[in-house]
Amino acid sequence: MTDTWNDDASDYVQAIADTKLIISHRYSEWMLSGPALEDDIAGASAAQDEIGHVRQLFEKLSDHGRDQSWLQGDRAPEEFNNAGCLDDSADTWTEFVVVANLAERAAWYLIDSISHEDFDGLGERIGQDEYFHLEHLDARLSHQAEENPDAVEAALVEAVPAALAFIGPATGDGEADPLIESDFVDRSIADIRDGFEQHYRSLFGGTAVDVSTIDWDAPDADSWDATRRRVDGGHVDPEVVEALQGVKNAEYARA
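Residues numbered from 1 in each chain as written. Predicted model: local features only at pLDDT ≥ 70, side-chain atom pairs only at ≥ 80, totals over all residues. Heavy atoms only, no water.

(A) Focus on the overall build of the protein. In terms of helices and strands, the protein carries 10 helices and zero strands. Ordered by position from the N terminus, the helices and strands of the protein form the series α-α-α-α-α-α-α-α-α-α. Its C-alpha radius of gyration of 18 Å places the protein within 12% of the 18 Å reference for a compact globule of 255 residues. Principal-axis analysis of the C-alpha atoms gives the protein an extent of 55 × 50 × 35 Å. Counting the 255 residues in the protein, one finds 51% classified as buried. Carbon and sulfur atoms form 46% of the exposed surface of the protein, whose accessible area is close to 11,900 Å². Across the protein, 17 positive and 56 negative side-chain charges occur, with their mean positions spaced 4 Å apart. (Helix = DSSP H or I, 4+ residues; strand = E, 2+ residues; numbered from the N terminus. Rg over C-alpha atoms; globule rule 2.2 N^0.38 Å. Buried < 20%, exposed > 50% of the residue type's maximum accessible area, 1.4 Å probe, protein only. Areas by Shrake-Rupley, 256 points an atom, 1.4 Å probe, with all protein chains shown as cover. Lys, Arg positive; Asp, Glu negative; His and termini not counted. Charge placed at Lys NZ, Arg CZ, Asp CG, Glu CD.)

(B) Geometry of unusual backbone geometry. For the bond running from Ala-218 to Pro-219, omega is 0°, close enough to zero to count as cis. Among the structural elements, Pro-219 can be located in the loop between α8 (189-203) and α9 (238-245). Of note in this structure, Asp-183 is not a glycine but carries a positive phi near 60°. By the secondary structure assignment, Asp-183 is in the loop between α7 (178-181) and α8. Residue class for Asp-183 comes out exposed when judged on its relative accessible area of 55%.

(C) Up close: helix α2 (residues 37-63). With 27 residues, α2 extends 40 Å between its outermost C-alpha atoms, agreeing within 8% with the 39 Å of an ideal straight helix rising 1.5 Å per residue. Within the sequence span of α2, burial applies to Asp-39, Asp-40, Gly-43, Ala-46, Ala-47, Glu-50, His-53, Val-54, Leu-57, Phe-58 and Leu-61. In this structure, the buried residues of α2 make contact with α1 (7-30), α3 (68-71), α4 (93-113) and α5 (122-147). Phi turns positive one or two residues past the end of α2, at Gly-65, with a value near 105°. (Expected span 1.5 Å × (residues − 1). Contact = heavy atoms within 4.5 Å.)

(D) Structural detail: the side chain of His-53. Along the chain, His-53 falls in helix α2. Residue His-53 is classed as buried on the basis of its relative accessible area, which comes to 2%. Setting aside its immediate chain neighbours within four residues, His-53 contacts Lys-20, Ile-126, Asp-129 and Glu-130.

(E) Spatial organisation of the packing of α5 against α8. The interhelical angle for the contact between α5 and α8, taken along N-to-C directions, is 45°, at an axis separation of 11 Å. Compared by their axis directions, α5 and α8 come out oblique. Across from Asp-138, Leu-141 and Ser-142 in α5, the residues of α8 making contact are His-199, Tyr-200 and Leu-203. Residue composition of the contact of α5 with α8, grouped by class: three nonpolar, two polar and one charged. (Axes fitted to C-alpha atoms, helices over the stretch in contact; angles between N-to-C directions. Parallel < 35°, antiparallel > 145°, perpendicular 65-115°, else oblique. Nonpolar A, V, L, I, M, F, W, Y, C, P; charged D, E, K, R; others polar.)

Right under this line is the structure:
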């Protein structure tokens, strides 16, 4: 282990880990409800992979001063710094595919930007899993764009601003970025945002999904919370936190 990370680096990694933790829970909600057995199997596998990633990231955070039991769920909903598009359960399969794709791709792009030696090897191992997750999600999203373009477009309009807030505001061009200055990351928020936007413009090119209706300029930099990586002050559904904490299981055991 190297010297302790600064708070900006720890907040960055925690936001990624929290997002992956909530993604794993959202996968578990759909792993028996997908339209095909292949989707159920892929969702179950992805949920397990995400938990593995979270454990490794939490270990890194614990090594650098964050309390392990607090990270694992002993905290209030507003203390989770996950991407805001994951706060609530998806009502439909189309919405789930859109949100999971956006959140998982955004989290991977942030991980891939980390150049700190503590991530030597870890980033590559996570990337191997993410390649298959995102290939599957892109395929499902392309299928949904053909079958339900209006629903896909509506879900994108709703979820993309929160995913972009998780990445960071468009003004993040690298100047005075403490993560770049400390060599924790090797690219600016602006560069990450550009790659993120271009991926979806390419994915939906030639489909009936009109990505020009999406607010690609979100979030407002003056309203952005750099620690929680969001602007709305919201939080994940408290029932998700209870599930992560095993509250209902504990109540059942006492009954």
